[in-house]
Amino acid sequence: MARRRIMLVEDNEGIRVGIGMYFEAHGFEVAAAGDCAAALRLLETGSTDLVILDYSLPDGTAPGLIARTRATHPGAPIIVLTAYPSAALAAEVRARGAAVSLVKPVELSYLRSIVDYLLHKSPAGR
Amino acid sequence: MSDNREPNSSAQLLEIVERAAQAWRRTFDAMDCLVLTADPDGVVQRVNRTALSLLGGRFEDWLYRPLSELPDQLPWSEVKKLVDEARADGSPHRSQVGTDRVWELSCTGFGPNNDFCVVWARDITETVELHRAVIRSQAMSAMGQLLAGVAHEVRNPLFAITALLDAWALQPGVQETPFLPMLRKEVTRMRQLMEELLEYGRPYNPELVAGELRDVAAEAMTILKPAADERRLTFQIDVSGSVKMDRVRMLRVFLNLLQNAIDHSPDGGLVELESRLQTDAHPHVLEIAIRDNGPGFTGEDLPRVFDPFYTKRQGGTGLGLPIVQRIVEEHGGTVTAGNHADGGAVLRLRFPAIEAVGPARA
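What counts, and where the lines are drawn
- Residues numbered from 1 in each chain as written.
- Chains lettered and ligands numbered in written order.
- Predicted model: local features only at pLDDT ≥ 70, side-chain atom pairs only at ≥ 80, totals over all residues.
- Heavy atoms only, no water.
- pLDDT = per-residue confidence, 0-100.
- Contact = heavy atoms within 4.5 Å.
- Salt bridge = Lys/Arg side-chain N within 4 Å of Asp/Glu carboxyl O.
- Helix = DSSP H or I, 4+ residues; strand = E, 2+ residues; numbered from the N terminus.
- Buried < 20%, exposed > 50% of the residue type's maximum accessible area, 1.4 Å probe, protein only.
- Pairing = 2+ DSSP bridges.
- Axes fitted to C-alpha atoms, helices over the stretch in contact; angles between N-to-C directions.
- Phe/Tyr/Trp six-rings, centres within 6.5 Å; stacked < 30°, edge-to-face > 60°.

### Section: the confidence of the model for chain B
Should pLDDT be low for a region, the predicted coordinates there are not to be read in detail.
Line of reasoning, step 1. This prediction gives chain B a mean pLDDT of 87; 96% of its residues lie at or above 70.
Line of reasoning, step 2. A low-confidence stretch, residues 357-362 of chain B (pLDDT under 50), is modelled with 14 contacts involving residues beyond four sequence positions or located in other chains.

In structure tokens:
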């Protein structure tokens, strides 16, 4: 079975490296971007089964990227990570099409169980 | 009081004077602050009904007695002091005294033509408490905004550390090092502190809805049951009544109080949580008391248990009870800490009740 591909968009280098290494160690392929512009290039050129998005990025926010992801990869579930624990923000990103929003910090074993669940639910992301 | 009729006989004049005197006495007695008049020799000339209810006894027990015979506690000690000052310089004097019970007093002074001075005093404890609560609320609001901003900046680096630790733990040989559990413990503590600080500084939610305290207590108990079972603790819970609440915040109150009781109880101990409706106040007051049979609070700890970061428990953040106090005050209530006569700590919460509780013991 082909390795599942995760697109990770996060401007904090430590978080990006940590999540990337963790999921690669669990057999995933991870394509990482540090801002919206790099994320858009990845979306246009590559395939992805699932997207993990930081809400606040240096050149935009998650809702804009969610719309683009839904257009290019309609089957890929989207997880939004945010440093703002806000019910309004969670409702906003879910209304835009994100499957779930999580408040940082998140235990990566928990994040992985959500990733596994979402990929199991929608096996054909690409 | 005024009377516009021109008196045309001494009988009429006497009637007018008598009526004016009655009006003066009724006014004097109707005042809910205590009023006392004294002559320049420091002898009591009049006391009103409020003053008498505080002094006890009959009017004649206190009239024409020297002020020095008044009781030595507040507010009388301060009444004597103000009159003495007025006798010394003739001027008016005012003061505010007391800590647990706060009194505001004023003495008119004597002046060149006055043959007596008037002293009034009133218990302003509630007003002072309210004023302190408003100041605390304003400070908390500013702190809440600051904390929310800081929390965002802390969440990202904290998540970077935990994510890198999670990733590092998967590398060969790392699990055998002692550093990983130590680092995780410290990071968990930092995270707990951040979450508690945020909880402490969370902005006030003005949209409170009626909720049953029994349900909140039951939910808290379900969450804490594993911790309680581990210590073989018995919980005796008898809570009823409803108050206007932010349910999530109220759950935090019960979680913190029950967790505190668990932490301080001996193994196999008993924790009691019960409610009581007090109907002598309006609105009625719903009192919740939680008691453990641990060592209780020491005399040194008692005045400081609601101070943020005051803790002697290993690993504690010292924010558990301050969070309780903050949330309870947001709900228009109060919280006090003390020790039970038979031992153990008792925390008492008092909320304005919105309806009668069923089986509560009034």
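### Side note on the pattern of salt bridges
Residues and elements named next belong to chain B.
Line of reasoning, step 1. On inspection of all chains with the given rule, the structure shows 31 salt bridges over all chains.
Line of reasoning, step 2. Between Glu85 and Lys81 there is a salt bridge, with the nearest N and O atoms lying 3.7 Å from each other. Pair noted here: Glu85 and Lys81 are both in helix α4 (residues 76-89), with a separation of 4 residues, about one helical turn.
Line of reasoning, step 3. Judged by its relative accessible area of 28%, Glu85 falls in the partly exposed class.
Line of reasoning, step 4. In this structure, the salt-bridge partner of Asp229 is Lys225, at a minimum N-O distance of 2.8 Å. In this pair, Asp229 and Lys225 both sit in helix α7 (residues 213-230), 4 residues apart, roughly one turn of the helix.
Line of reasoning, step 5. Under the relative-accessibility criterion, Asp229 is labelled partly exposed at 42%.
Line of reasoning, step 6. Relative accessible area serves as the criterion here: at 43%, Lys225 is assigned to the partly exposed category.
Line of reasoning, step 7. A network of salt bridges, in which partner residues are shared, links Glu199, Arg249, Arg326 and Glu330.

### With respect to the environment of A:Val51
All names here are of chain A.
Line of reasoning, step 1. You can see Val51 is positioned in strand β3 (residues 50-54).
Line of reasoning, step 2. When the C-alpha positions of Val51 and Arg5 are compared, they lie 8.8 Å apart, and in sequence the two are 46 residues distant.
Line of reasoning, step 3. Apart from the residues lying within four places of it in its own chain, the contact partners of Val51 are Met7, Thr69, Pro77, Ile78 and Ile79.

### Regarding the sheet that holds strand β2 (residues 29-33) of chain A
All names here are of chain A.
Line of reasoning, step 1. Across the sheet, which stays open at both edges, the 5 strands sit in the order β2-β1-β3-β6-β7 with parallel pairing between neighbours. The open sheet is flanked by β2 and β7 (100-103), the only strands paired with a single partner. Strand-to-strand twist of the sheet, defined as the mean angle between neighbouring strand axes without regard to direction, takes the value 20°.
Line of reasoning, step 2. Contacts from helix α2 (residues 36-45) reach β1 (5-9) and β2 within the one sheet, and its direction differs from that of β2 by about 140°.

### Looking at the sheet that holds strand β7 (residues 234-238) of chain B
All names here are of chain B.
Line of reasoning, step 1. Ordered in space as β7-β9-β10-β12-β11, the 5 strands form an open sheet in which the pairing is mixed. Across the chains shown, the open sheet's two edge strands, defined by having one partner strand only, are β7 and β11 (334-339). When strand polarity is set aside, the average angle formed by the axes of neighbouring strands in this sheet is 15°.
Line of reasoning, step 2. Direction of pairing for strand β9 (residues 270-278) relative to strand β10 (residues 285-291): antiparallel, over a ladder of 7 bridges. Opposite Arg276, over in β10, you have Glu287 as the bridge partner.
Line of reasoning, step 3. The strands touched by α7 within the sheet are β7, β9 and β10, with β7 carrying the most contacts at an inclination of about 175°.

### So, the packing of aromatic side chains
Line of reasoning, step 1. Counted under the stated rule, the structure contains 3 aromatic pairs over all chains.
Line of reasoning, step 2. The interplanar angle of 75° and the centroid separation of 5.3 Å between the aromatic rings of A:Phe23 and A:Phe28 together place this pair among those described as edge-to-face.
Line of reasoning, step 3. A:Phe28 gets classed as buried once you look at its relative accessible area, which sits at 6%.
Line of reasoning, step 4. Geometrically, the ring pair formed by B:Trp24 and B:Phe28 is stacked, given 4.8 Å between the ring centres and 15° between the ring planes. Placement of the pair is B:Trp24 and B:Phe28 together in helix α1 (residues 10-30), with a separation of 4 residues, close to one helical turn.
Line of reasoning, step 5. Residue class for B:Trp24 comes out partly exposed when judged on its relative accessible area of 42%.
Line of reasoning, step 6. We classify B:Phe28 as buried; its relative accessible area is 9%.
Line of reasoning, step 7. Of the aromatic side chains, those joined through ring pairs into one cluster are A:Tyr22, A:Phe23 and A:Phe28.

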